[in-house]
Amino acid sequence: MEAKTTRRASFKKIGMGLAALFGIGSVQAMDKTSKAKKEVVGKIETDQDIPLFSGAVKHGNTLYIAGKGAHVEPFEIKAHTEIVLQELQKELEKNGSSMDKVLKVNVYLADLADYKGMNEVFRGRFGKNPPVRTTVATYGGVPGKSLVEMDCIAAVD
């Protein structure tokens, strides 16, 4: 019976030692990232002279780009998708990233019936390893006259 207790105690000590070791490593990793500061790198949109949201924000090696829409004619999903993707690409490249470095894309459609057409233009635009994506049809439509809006999160070198 004492052999089991000793063995259990030894395993417990090893486990606690590993937990402490990994805990210290996690704290050190968190400490390194906590030095990163939020930096607004895009236009700040205002409402009644009060800041409302930023067009793009960089934090450490991560870039967050606010939704881009296409508020122009023709009102056709493929044309709007192309415009939105071009706008995302410009913002990414302006801030030291690229379409290949996009980690996450959110797609907002005014009408879910446009899903197939949007995909035809979207397909292949983010390289061999595309980002994760969420696509939803918005209740009441996308703000403005755009048929599609997209935002993204990307890595920055």
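Keep in mind it's a predicted model, so treat the numbers as computed, not measured. Counting restarts for each chain: residues are numbered from 1 in the order of the written sequence. Reporting of local features is limited, given that this is a predicted model, to residues whose pLDDT is at least 70; pairs of side-chain atoms are given and counted only at 80 or more, and all residues count toward the totals for whole chains, interfaces and linings. As a rule here, side-chain values come from all non-hydrogen atoms in the structure, and water together with hydrogens is ignored.

Q: So what exactly am I meant to see when it comes to the pattern of salt bridges here?
A: Between side chains of opposite charge, a pair can form as their charged atoms come close. For this document, the term salt bridge refers to a Lys or Arg side-chain nitrogen within 4 Å of an Asp or Glu carboxyl oxygen. Under the defined criterion, the tally for this structure stands at seven salt bridges. The residue glutamate 91 makes a salt bridge to lysine 68 at a minimum N-O spacing of 3.5 Å. Of the two residues, glutamate 91 sits in helix α2 (residues 77-94) while lysine 68 sits in strand β5 (residues 62-69), which places them 23 residues apart along the sequence. Each of the two residues, glutamate 91 as well as lysine 68, counts as buried. Note that glutamate 91 is salt-bridged to lysine 94, the shortest N-O span being 3.5 Å. A residue pair is termed a helical-turn pair when its members lie 3 or 4 positions apart in one helix, as glutamate 91 and lysine 94 do in helix α2 at three residues. Note on exposure labels: buried denotes an accessible area under 20% of the residue type's maximum, exposed denotes more than 50%, and partly exposed covers the range between, all computed with a 1.4 Å probe on protein chains only. With relative accessibility at 55%, the residue lysine 94 sits in the exposed group. Connected through shared salt-bridge partners, Lys68, Glu91 and Lys94 make up one network. Under the DSSP-based scheme used, a helix requires at least four consecutive residues in state H or I and a strand at least two consecutive residues in state E, with every element numbered from the N terminus.

Q: Is there a simple way to explain the pairing of β5 in this structure?
A: Each regular strand shows side chains that alternate between the opposite faces of the sheet. When strand β4 (residues 56-59) meets β5, the two strands line up antiparallel, connected through four bridges. Bridge pairing links histidine 59 to threonine 62 in β5. When DSSP finds two or more bridges between a pair of strands, those strands are recorded as paired. With antiparallel pairing between neighbouring strands as the criterion, β4 and β5 make up a hairpin whose turn holds two residues, including glycine 60 at a positive phi of roughly 65°. Pairing analysis gives six bridges linking β5 to strand β8 (residues 148-155), with the strands arranged antiparallel. Across the sheet, glycine 69 pairs through a bridge with glutamate 149, a residue of β8.

Q: How do you make sense of the packing of aromatic side chains when you look at a structure like this?
A: Only centres within 6.5 Å qualify two rings of Phe, Tyr or Trp (six-membered ring in Trp) as a pair; their planes then separate them into stacked at under 30 degrees, edge-to-face at over 60, and tilted for everything else. Tallying each qualifying case throughout the model produces one aromatic pair. For the pair phenylalanine 122 and phenylalanine 126, a centre-to-centre distance of 4.9 Å together with 40° between the ring planes defines the contact as tilted. You can call phenylalanine 122 buried: its relative accessible area is 9%. Exposure remark for phenylalanine 126: the relative accessible area of 3% places this residue in the buried category.

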